[in-house]
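Below, each chain spelled out in residue letters.
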Amino acid sequence: MTPPVSIVLHTTTRFVVPIMLLFSLFLLLRGHNAPGGGFGGALVAVAAYALYAIGSGWRQAHVALRRSPETIGAAGLAIMLVSAALALLAGRPAFAALRQDARVPGLADLDLATPALFDVGVYLAVFGSMITVVLALIHRARVMTE
Amino acid sequence: MTDDLLLALPLLLPLAAAVTVMLTRGLPRLHGPLNVACMAALAAVGAALLARVHDGAVLVTFLGGWRAPFGIPLVADALSVTMVLVTALVAGCVCLYALVDVPPRQALVYHAVTPVLVASANGAFLTGDLFNLYVWFEVMLMSSFVLMALGGEAPQVRGTVKYMATNLVSSTLFLAGVGLLYGLTGTLNMAELAARVPALGQPALVSVVAVLFVVAFGTKAAVFPLFSWLPASYPTPPVATTALFAGLLTKVAVYALLRTFTLIFVHDVGFTHGALLWIAGLTMVTGVLGAVAQDEVRRLLSFHIVSQIGYMVMGLALLSPLALLGAIFFTIHNILAKTNLFLIGGVMARLGGSFELKRLGGFYRAQPLLAGLFLVPALALAGVPPLSGFWGKLLLARAGLEAAEYAIVAASLAVGLLTLYSMMKIWSQAVLPAAADPARPPAGPVPRAQLAAIGVLAASTLALSALAWPVCVVLGRAAEGLLAPTAYIEAVLRA
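So, how was this worked out
- Residues numbered from 1 in each chain as written.
- Chains lettered and ligands numbered in written order.
- Predicted model: local features only at pLDDT ≥ 70, side-chain atom pairs only at ≥ 80, totals over all residues.
- Heavy atoms only, no water.
- Helix = DSSP H or I, 4+ residues; strand = E, 2+ residues; numbered from the N terminus.
- Rg over C-alpha atoms; globule rule 2.2 N^0.38 Å.
- Buried < 20%, exposed > 50% of the residue type's maximum accessible area, 1.4 Å probe, protein only.
- Contact = heavy atoms within 4.5 Å.
- Areas by Shrake-Rupley, 256 points an atom, 1.4 Å probe, with all protein chains shown as cover.
- Lys, Arg positive; Asp, Glu negative; His and termini not counted.
- Charge placed at Lys NZ, Arg CZ, Asp CG, Glu CD.
- Core = buried A, V, L, I, M, F, W, Y, C linked by side-chain atoms within 4.5 Å.
- Buried area = accessible area lost by both parts, 1.4 Å probe.
- Salt bridge = Lys/Arg side-chain N within 4 Å of Asp/Glu carboxyl O.
- Polar contact = N/O pair within 3.5 Å; in protein donor to acceptor, adjacent residues only side chain to side chain.
- Nonpolar A, V, L, I, M, F, W, Y, C, P; charged D, E, K, R; others polar.

S.K.: Quick question: what am I supposed to make of the overall build of chain B here?
M.R.: Secondary structure summary: chain B contains 20 helices and 2 strands in total. Relative to the 2.2 N^0.38 estimate, which gives 23 Å for 495 residues, the radius of gyration of chain B is 21 Å and therefore close to what a compact globule would have. The principal-axis extent of the C-alpha atoms belonging to chain B is close to 70 × 55 × 40 Å. Taken over 495 residues, chain B has a buried fraction of 60%. Long-range pairs, those at least 24 residues apart, make up 80% of the contacts in chain B with a sequence separation of at least 6. A total accessible area of about 17,400 Å² is found for chain B, and carbon and sulfur atoms account for 70% of it. With 25 positive and 18 negative side-chain charges, chain B shows a separation of 11 Å between the mean positions of the two kinds.

In structure tokens:
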């Protein structure tokens, strides 16, 4: 493993990145009827990822992603299409909002809705495409400095 | 099937195909057949839609379930459904041709982006909202940038830069026009615009916006004097890409002109459509003069795209039922014939090793069947009776005579002769004579998929020629619907 660029940055990212990721999920989940949403949430997650990649090296960051960014983005697009198709299956126009209350005994009352599902799709699509850009830029910068 | 489903499928099917290609990167052999199947399904959806709207009915669905004027409607009338159907047909044939034509390293991106291009064209045909139209145009541009630059050879990149620069400028003008129109009327729903613009009482302001739209769509449709990007960029990418672009992209802009300049901008026909008539005549003439001067198959055909756009704009400019019928008929004929000519040109170049007319030859001796199939779209494009181009030009000339616009009729007939001349130039230089380079080893047989794609398109042109009358009956209703859009407006606003 390559040594970190800066020990201070490396140590700080270990604390900051989880908080940023949690904040990004918070933005995603409140997005369908409050400020926030999949797009903004994904951008925060990409910022966290970029910080991690700068602090720990892009090889490490690549490993941490587990799936290729293209696959993540495509999965997001697939989820968006599913949320459109669900409304059609229910006999409503494409992309119409469907709501379903679900009770998880002892835990919570959930208000499930297809707009939230669509937002998850947006989140993954934006995350995947932006990560592609970030990785390409980091890679280019490395090649140029070497 | 419900209208909601039928209207959403032309968008969702190709997008689903694109996502499937991206998610199954490990199975590259599936991608080509998947796209062909998707386009076949799309053609079936188009046929089902046509069965519903051929008698002049208008189908509407609101994405997200929000009604007009807040929601974004998808509207299917005879014109938009015909375009969806023809798009599925040519895209299917191009995907069939591309099964054996795309280099393996570019195949994944090609197969993932082509359906997105088709989805965006369908979106532009079906949307009933001006801003949404802008969005579909942008999606179309994005995917065409990728396809055009794919491969990354120097001439391709040069062509893409020109294509991108002009199209971004025209998109900006389009967006400015949309913004001004929203400021004037407070809506971007096309049906509501049709109702509000006449009540505005400010024809001068609306004319300014109309000019922005003429320039924006005119650039994308490659009309005089905004066409120079097209012959500079279209000949550079691989044939499977150019053929799809040639058939589809400029015609989406023609559709947008047809829609907006019958539905929204009819406040001062003398000015707007008078200008369009001049543009039409100059486009025809300059395009064909450019084509006559070319000695490279793809550049020659690219200049013909420009020339033929003139005929479609001529029909719109004359603004009578017969003229609009002629414009729509001509558009369909042109999409089928032009795509096919590029596909055949691709085979010719592969056998002869060049796109230069001088270095080609021996095509008739090597491929008599394909040489015969070349004649179908070539003569149709030149307007030789009884092929489809003849009927289109006949309708347009008749409409021009009825409107007493003799100059444009004379121009259109003269351009027809020059078109015939340049098609015969290909025939007499590249098809009939013996091979220019006899030492060149004979290429293998033409793959069956490519033969099938060319055959299906030639058969479609023949069918359009033979069934010109019933097709004209349906398209005549589409033209009447454009001229008297009450059914369209009522369907959207009262849905």
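S.K.: Any chance you could explain the nonpolar core here in plain terms?
M.R.: Among soluble globular proteins, nonpolar side chains are generally buried collectively. Membership of the largest hydrophobic core comes to 187 residues, with the highest contact counts inside it found for L130 and F213 of chain B. Take this core: its biggest share by element is 19 residues, from helix 13 (residues 321-352) of chain B. Ignoring any residue separated from it by four or fewer positions in sequence, one finds L130 of chain B in contact with F174, V178, L181, L188, M190, L193, F213, T260 and I264 of chain B. Counting 21 residues, the second largest nonpolar core, distinct from the first, contains W58, A61, F127 and I131 of chain A.

S.K.: What exactly am I supposed to notice about the interface of chain A and chain B here?
M.R.: Each partner contributes to the interface: chain A provides 17 residues, whereas chain B provides 15 residues. Between chain A and chain B the total buried area reaches about 1,200 Å² when both faces are included, carbon and sulfur atoms providing 77% of it. Per-residue buried area on chain A facing chain B is highest for L81, L88 and P93 of chain A; these three make up 39% of the total on that side. Between the two partners, chain A and chain B, sit 0 salt bridges. At the boundary of chain A and chain B, one finds 3 residue pairs in polar contact (both at pLDDT 80 or more). Residues of the side of chain A that touches chain B, tallied by class, amount to 12 nonpolar, 3 polar and 2 charged.

S.K.: What's the story with unusual backbone geometry in this structure? I'm lost.
M.R.: Most peptide bonds adopt trans geometry, and most residues besides glycine take a negative phi value. Residues and elements named next belong to chain B. The omega torsion across F224 and P225 is -5°, close enough to zero to call that bond cis. Here P225 lies in the loop between helix 8 (203-221) and helix 9 (229-233). Cis geometry marks the peptide bond from P385 to P386, where omega comes out at 0°. Look at L319: it is not a glycine, yet its phi comes out positive at around 55°. With respect to the helices, strands and loops of the structure, L319 is situated in the loop between helix 12 (297-318) and helix 13. Phi is positive for A404, close to 60°, though the residue is something other than glycine. Position of A404 among the secondary structure elements: in the loop between helix 16 (388-402) and helix 17 (406-431). Residue A404 is classed as partly exposed on the basis of its relative accessible area of 43%.

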